[in-house]
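# Examining the three-dimensional arrangement
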Amino acid sequence: MRTIKKDGLSLYIHIPFCVKKCLYCDFLSFDTSNFKGNAATKRQEYVKALLNELAAWEEISDKYNKEIYLKTVFIGGGTPTCLEPQLLLKIAQAIKKYTDKNTEFTIEANPGTITDSHIEVFKKAGINRVSLGLQSAQDNELEKLGRIHTSGEFLDSYKKLKEAGFNNINIDIMAGIPEQTLKSYKDTLEKVLALNPQHISVYSLIIEPGTEFYRMQEQGKLNIADEDTDRDMYSMAKEMLGKHGYNRYEISNYSKKGMECRHNITYWTGGNYLGTGPGASSYIDGTRFTGTSDYNKYINIFKNRALQGMAEGQVKENTGSSPEKLSLKKQMEEFMFLGLRMCKGVLKSGFEDKFGISMDKVYGDVIKYFLQTGLMAEDVSNGRVYLTDRGIDISNYVLSDFIL
């Protein structure tokens, strides 16, 4: 839990505020209009607590003589651009000494909330990658999702970012939106491709318990695509994006050469990452832990800067009983079903180097079965196994077999 290696750490910073919560969203986020009292004061209070949490981790690393280098930073949410620009700048300044020109520094942004002042602060803060949540280029579909922006506002935001010199932009697209058709989805893809972004994420709508969409579905009020249509949309995306030079490097992610999201690759390859903010998860040297999802408790824990020598107790109060040292079996499972999300798959030699036992001895029968059924393939020149296109289509089924 405390060991932070010199070879690089990925940092996730959670901003739990939204102007309006989307109907499909199950992330830990809050509609700012629901706050009692002044919303701006609440945001300031939150950033103060967040900075105190970051300071606590800094003290812990000093105590154990662990040097921190942030290879990637990702500010997500919620909607980070709900924060006033100067609050975002404060967060960036707090971690600046642990970053350098090679750090990938991403911020998620909602097209309905980006201002010129935000873009100016992005530049000052050293942010070099922006992830824009478009979801659809059709205004009626955006309205169905409960998004606060229009396709026109998205285009304005994208144009401003490009004019400001941002050359690493991701655009999120969603398939399976209520009343979406193959024709409207194709139109969205064409409009996004015309912008030539460096990265495109293509997701299917998932109906999560506790969301407004979940309640609507239970009441029979949600008209979403069937499984075959959803699969057709995925095939369409793969074909169109491939023709335009986008490489599918993960189940849902496409990029131009060399523009893969390094932060997310940390997750998929078992790298060290620290999550800050309420409900954020971390994984460091085989130990996983999660901060409290109780917003008020989080604020109370980090309301004040920890006294000298007390930071570890503050962090432990936040994570409670959650720290879990993963068993060898669990680490093997995650190596496989996270690594196999990557289209290049996993190396047999990497498995043996990490665990001291061959992949075939642990998973030989499972791999042999999926090779025979055509759901997996192997590059014998380097001992890499990976999912085929057909395997990716039913990846949930395939990956579940790697649970020991």
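A few points on the structure. (Residues numbered from 1 in each chain as written. Predicted model: local features only at pLDDT ≥ 70, side-chain atom pairs only at ≥ 80, totals over all residues. Heavy atoms only, no water.)

## Considering the layout of surface pockets
The calculated volume of the second largest pocket comes to roughly 310 Å³. Taken together, 13 residues make up the lining of the second largest pocket; nearest its centre are W268, T269, G270, F335 and V346. If you list the elements that add at least two residues to the lining of the second largest pocket, you get α9 (262-268), α12 (328-339) and β15 (346-347). Its residues assigned to classes, the lining of the second largest pocket shows six nonpolar, four polar and three charged. (1 Å grid on protein atoms, 1.4 Å probe; cavity = no way out; pocket = protein on both sides within 12 Å on 5 of 7 lines; lining within 4 Å. Points joined across faces, edges and corners; volume = space filled by probe spheres on them. Helix = DSSP H or I, 4+ residues; strand = E, 2+ residues; numbered from the N terminus. Nonpolar A, V, L, I, M, F, W, Y, C, P; charged D, E, K, R; others polar.)

## Regarding empty space enclosed by the protein
Here the structure, examined in full by the defined rule, presents two cavities of 30 Å³ or more. Lining the largest cavity, in full, are W268, T269, G270, Y283, Q331, E334, F335, L338 and K354. Among the elements that line the lining of the largest cavity, the one with the most residues is α12, at four residues. Taken together, the residues of the lining of the largest cavity break down into four nonpolar, three polar and two charged.

## Some details on unusual backbone geometry
The omega torsion across G77 and G78 is 25°, close enough to zero to call that bond cis. Turning to its location among the elements, G78 is positioned in the loop between β4 (70-77) and α2 (85-95). Despite not being glycine, Q135 has its phi angle at roughly 75°, a positive value. Structurally, Q135 can be placed in strand β6 (residues 129-135). A relative accessible area of 7% places Q135 in the buried class. (Buried < 20%, exposed > 50% of the residue type's maximum accessible area, 1.4 Å probe, protein only.)

## What to know about the packing of aromatic side chains
Counted according to the given criterion, the structure contains 21 aromatic pairs. For the pair F122 and F166, a centre-to-centre distance of 6.2 Å together with 90° between the ring planes defines the contact as edge-to-face. Of this pair, F122 sits in helix α3 (residues 116-125) while F166 sits in the loop between α5 (151-163) and β7 (169-175); the two residues are 44 residues apart in sequence, bridging distant segments of the chain. The same class applies to F122 and to F166, which are both buried. Among the aromatic side chains, those forming a connected cluster through ring pairs are F335, F351, F355, Y363, Y369, F370, Y397 and F402. (Phe/Tyr/Trp six-rings, centres within 6.5 Å; stacked < 30°, edge-to-face > 60°.)

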